[in-house]
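Working through the structure, step by step
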Amino acid sequence: NALRDQQQRNGQKCIQWIEPADPNTWSDNYLCHYALNHPDQRHYRSVQRRSNNVGSTQVCTEDNVDYWGADLRNFQARDFSHCAMECARDQIKGCRSVTYRKTDRHCWLKHTPFGAKYTRNKSTLMSANLDCDKFSKLPSWPEDFRWSSAGAPKGYTCVKIWESAEPASHTWNDNFMCWRNDRADPGFRWSMKGAIPSQRCTQIVEGADPHTWNDNFLCVQTDSPYHLTWVYSNALRDQQVRQGKACIQWREAADPNTWNDNYLCNAKYTGQYEYRSLPSWPDDFKWSNAGVPAGYHCDRIWELAEPASHTWKDNFFCWRSDKADPGIRFNMNGAVPNSYCVQIKEGADPHTWNDNYLCVPPTSPYQFTWVYSNALRDQQQKAGKSCIQWLEPSDPNTWNDNYLCHHHVYSVDPRRYRTVQW
């Protein structure tokens, strides 16, 4: 029983083997194993996803794995279950995963699934994500969403809400609309220069603000379950609430132009599983410099500093519309916190391409590389990667040898870290 207790403290479950008729102490013998859901014979035994419950929370464990970094706090735990339970209790503070040291029961709580760095062959450690099956479940409205006017909060993935015409003193550069980073991507995308083509867009307007808030939109794909409404007074918010909707306030205290009564509203929604698989690379992705192609969903790739004659307004990076949203977002004002971002640059282009990034959520299986010459592309291909060209023929600044590259990836599973995908 003492050895069984040790196994249970390390997160394993035990089944008793008992034969009452045998007098030779067959009353305390057990076969133990980590809880294992959906075993996959294509994966080696040490990288199967193991799952059990701690209280009402699912815990998906990986033995001999370190989720390094992204720490919220650390402490001495009684056992692995205590470590996981503390994370479950701290979900409102952003806890999404844990690492547990088996030798001395030390526990680290983390605000990012898989931590900041994933390392295998760490025999003294065991790590776990909370609710990893919900990595394929869309966030519920309003409980899984939040607004922040002070940077991206820990435990959340965000879309940056930015109006470049606002004075720096109004501090719009750190405003974000966010959702839990352990949920499927809801496909929210921001545009401060008109509605994004082929998406369902909600105009975000504040009539009292003179800084071009008449052309700002928050967009979702046309098949999205979210049907957003924007209101800019408490009276209009109350109307939405009477209709059964829930509203999240967007507030920027540093902006004096009545940004204290603005709300994004939606019918209350319990997040459903996203049963579509994530797109495979490169087969399900496509570049377009002539609008949104039929059969695809896209993110717009647009640097506003480019002259209109360079026609970047109709450039899109796309994925098949029968696939789940991969959470790819282009940002022309720096990397987005709490995301994995790759810089998109062309040194020969003078139109501020030094602060442009393509970002994905922390649970994303994609780890992109950007190259800006055919020679660098050839290096990527020799390393086994496949590259998709980003071409804008109307831009004279050498946009004919730029590529986004990635290893081939199929059967993409958001519950697995990017380096252990198939």
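In this report, the structure presented in the accompanying data block is examined.

The next point concerns the nonpolar core. Grouped burial of nonpolar side chains is what soluble globular proteins tend to show. Core analysis: the biggest nonpolar cluster contains 54 residues, and Met-177 and Phe-188 have the highest contact counts within it. When residues of this core are traced back to their parent elements, those giving at least two are β11 (145-148), β13 (176-180), β16 (217-221), β18 (245-250), β20 (285-288), β22 (316-320) and β25 (357-360). Looking at which element gives the most residues to this core, the answer is β18, with three residues. Apart from the residues lying within four places of it in its own chain, the contact partners of Met-177 are Trp-141, Phe-145, Arg-146, Trp-147, Thr-157, Cys-158, Val-159, Ile-161, Phe-188, Ile-248, Trp-250 and Leu-264.

Read across the sheet, three strands follow the order β23-β25-β24 without closing on themselves; strand pairing throughout is antiparallel. Since the sheet does not close on itself, it has two edges, and those belong to β23 (329-331) and β24 (340-343), each with one partner. Along the sheet, successive strands turn relative to each other by an average axial angle of 30°, direction set aside.

The next thing to look at is the environment of Glu-206. Summarising the element assignment, Glu-206 is placed in the loop between β15 (199-203) and β16. The exposure class of Glu-206 is buried, given its relative accessible area of 5%. Taking the C-alpha atoms as reference points, Glu-206 and Tyr-232, separated by 26 residues in sequence, lie 6.4 Å from one another. Here Glu-206 is in contact with Trp-213, Tyr-232, Asn-257, Thr-258, Trp-259, Asp-261 and Asn-262, once residues within four sequence places are set aside. Among the polar contacts made by the side chain of Glu-206, one reaches the side chain of Thr-258 at a distance of 2.9 Å. At a separation of 3.3 Å, a polar atom in the side chain of Glu-206 contacts the side chain of Asn-262.

Let us now look at the state of the cysteines. Tallying each qualifying case throughout the model produces ten disulfides. At a sulfur-sulfur separation of 2.3 Å, the disulfide partner of Cys-60 is Cys-132. Negative torsions about the S-S bond denote left-handed disulfides, and the value of about -85° found for Cys-60 with Cys-132 makes this one left-handed. Here Cys-132 lies in the loop between β10 (125-130) and β11 and Cys-60 lies in strand β4 (residues 57-63), a separation of 72 residues in the sequence. In this structure, Cys-60 and Cys-132 share a single accessibility class: buried. Two residues share a disulfide in this structure: Cys-341 and Cys-359, whose sulfurs sit 2.1 Å from each other.

Analysis parameters
- Residues numbered from 1 in each chain as written.
- Predicted model: local features only at pLDDT ≥ 70, side-chain atom pairs only at ≥ 80, totals over all residues.
- Heavy atoms only, no water.
- Core = buried A, V, L, I, M, F, W, Y, C linked by side-chain atoms within 4.5 Å.
- Buried < 20%, exposed > 50% of the residue type's maximum accessible area, 1.4 Å probe, protein only.
- Helix = DSSP H or I, 4+ residues; strand = E, 2+ residues; numbered from the N terminus.
- Contact = heavy atoms within 4.5 Å.
- Pairing = 2+ DSSP bridges.
- Axes fitted to C-alpha atoms, helices over the stretch in contact; angles between N-to-C directions.
- Polar contact = N/O pair within 3.5 Å; in protein donor to acceptor, adjacent residues only side chain to side chain.
- Disulfide = S-S within 2.5 Å.

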